[in-house]
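Coordinate inspection notes
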Amino acid sequence: MHIKVKGVNNHLVFVLDDNQDFNSLMNELESLLESPLLKSDGYYPRAFFDFKSRILSIHELLRLLDLLFSKQVLLFDGINMAKVEKKNKIKVINKTVHAGEILELDQDALIIGQVNPGAIVRFKGKLYVMGRVSGLVEGLNARAKISGQFFKNAHVRINGVSRRNYTSYELTMLYYKDNEIFLDKGDMIYV
């Protein structure tokens, strides 16, 4: 058996082995739902399904619900799946972006070098620049943020709003809010 059934707080909890093939689990569940123990006139126990670390696709979830609906011996009371933690991958660019270069970034990124005058960096997430920023850095949406340690005559554009000839010699984060570009300065900037 790859499905364990426990009684917890007036519920049946079906714990499904996350190492077992989903189709096999559904076949086993179907057999359990047809057992005489679950067939009782007028009584429908509440059932909770624990899939442990398995993440169900929409197709698998619909298959489970279709099976439960077709058998009509339980009241579906929920499902538990492991939470997928979003891994924040940062693209590391270990070079200087030179005049005439256009760099387009679809993910959070760290530029180890500089953004020289005449260079263009377009980004959709968070951009961190370790060297001097003197070119155009453009956040393409309202969630875009740029953090840098040294801005010299930089052109910062976020969500279509521009700040030209921006200069700062300390750690600064620039972000969009209410149709303006705001900035936070200091040693502790949380991005």
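As the structure is a computational prediction, the values presented were derived from the model and not from experiment.

The residue Glu 138 is located in strand β10 (residues 136-139) in this model. Here the side chain of Glu 138 touches Arg 157 through a polar contact of 3.2 Å, side chain to side chain. If sequence neighbours within four positions are ignored, Glu 138 has contacts with Val 121, Arg 122, Phe 123 and Arg 157.

Before going further, it helps to examine helix α1 (residues 22-33). With twelve residues, α1 should cover 16 Å at 1.5 Å per step; its first-to-last C-alpha distance of 16 Å lies within 8% of that length. Within the sequence span of α1, burial applies to Phe 22, Leu 25, Met 26, Glu 28, Leu 29, Leu 32 and Leu 33. Summarising the axial view, the buried residues of α1 lie within an arc of 165°, below the 170-degree limit, and thus occupy one face. Structurally, α1 contributes buried residues whose contacts are with β1 (3-8), β2 (11-16), β3 (46-50) and α2 (58-71). Put simply, Asp 21 is the residue that caps the front of α1, since its side-chain oxygen is 3.2 Å from the backbone nitrogen of Asn 23.

Our focus in this paragraph is the UniProt feature "domain: Septum formation inhibitor MinC C-terminal" (unreviewed entry) in the chain. Those residues carrying the UniProt feature "domain: Septum formation inhibitor MinC C-terminal" (unreviewed entry) are residues 92-168 in this numbering. Helix makes up 0% of residues 92-168 and strand 61%, with an end-to-end C-alpha separation of 23 Å.

Attention now goes to the pairing of β3. Looking at chain direction, β2 and β3 are connected through five bridges and run parallel. Counterpart to Val 13 in the pairing with β3 is Phe 48. Of the crossover connections in this fold, the one passing from β2 over α1 to the parallel β3 is right-handed. Across four bridges, β3 lies against strand β4 (residues 75-80) in parallel orientation. Bridged to Phe 49 within β4 is Ile 79. For the handedness criterion, the β-α-β arrangement of β3, α2 and β4 is classed as right-handed.

Here we come to the packing of aromatic side chains. One pass over the structure, following the stated rule, counts six aromatic pairs. Consider the rings of Phe 14 and Phe 49, whose centres lie 4.9 Å apart with planes at 15°: the pair is stacked. In this pair, Phe 14 sits in strand β2 while Phe 49 sits in strand β3, placing the two residues 35 residues apart along the sequence. The class of Phe 14 is buried, set by a relative accessible area of 1%.

Its identity is not glycine, yet Asn 159 carries a phi of approximately 55°, on the positive side. Its place among the elements puts Asn 159 in the loop between β11 (145-158) and β12 (161-168). What makes Asn 159 partly exposed here is its relative accessible area of 33%. Unusually for a residue other than glycine, Asn 179 sits at a positive phi of about 65°. When its relative accessible area of 51% is taken as the criterion, Asn 179 is described as exposed.

The next thing to look at is the domain arrangement of the chain. Domain boundaries assigned for the chain yield domain 1 (3-80) and domain 2 (91-185). Distance between the C-alpha centres of domain 1 and domain 2: 51 Å.

Here the focus is a nonpolar patch on the surface. Among the surface-exposed residues, Ile 58, Leu 62, Leu 65 and Phe 76 lie close enough to one another that they form a single nonpolar patch of about 370 Å² accessible area. Structurally, Ile 58 is set in helix α2.

In this section: the nonpolar core. The biggest cluster of nonpolar side chains holds 25 residues, and the ones touching the most others in it are Ile 111, Val 121, Leu 127, Val 137, Ile 146 and Val 156. When contributions to this core are tallied by element, the ones reaching two or more residues are β6 (102-105), β7 (109-111), β8 (120-123), β9 (126-133), β11, β12 and β13 (172-177). For this core, the element with the most residues is β11, which contributes five residues. Those residues in contact with Val 156, other than ones at most four positions away along the chain, are Val 137, Ile 146, Phe 151, Val 161, Ser 162, Arg 163, Leu 174 and Ile 181. Counting residues in hydrophobic clusters, the runner-up holds 20 residues, among them Leu 16, Leu 32, Leu 33 and Leu 64.

The rules behind each value
Residues numbered from 1 in each chain as written. Predicted model: local features only at pLDDT ≥ 70, side-chain atom pairs only at ≥ 80, totals over all residues. Heavy atoms only, no water. Helix = DSSP H or I, 4+ residues; strand = E, 2+ residues; numbered from the N terminus. Polar contact = N/O pair within 3.5 Å; in protein donor to acceptor, adjacent residues only side chain to side chain. Contact = heavy atoms within 4.5 Å. Expected span 1.5 Å × (residues − 1). Buried < 20%, exposed > 50% of the residue type's maximum accessible area, 1.4 Å probe, protein only. Arc of directions from axis to C-beta. UniProt positions renumbered as here; feature names shortened; annotations may be inferred. Pairing = 2+ DSSP bridges. Right-handed = clockwise from strand over helix to strand, strands pointing away. Phe/Tyr/Trp six-rings, centres within 6.5 Å; stacked < 30°, edge-to-face > 60°. Domains from an automatic or database assignment. Patch = residues over 30% accessible without salt bridge, like charges linked within 9 Å, V, L, I, M, F, W, Y side chains within 5 Å. Areas by Shrake-Rupley, 256 points an atom, 1.4 Å probe, with all protein chains shown as cover. Salt bridge = Lys/Arg side-chain N within 4 Å of Asp/Glu carboxyl O. Core = buried A, V, L, I, M, F, W, Y, C linked by side-chain atoms within 4.5 Å.

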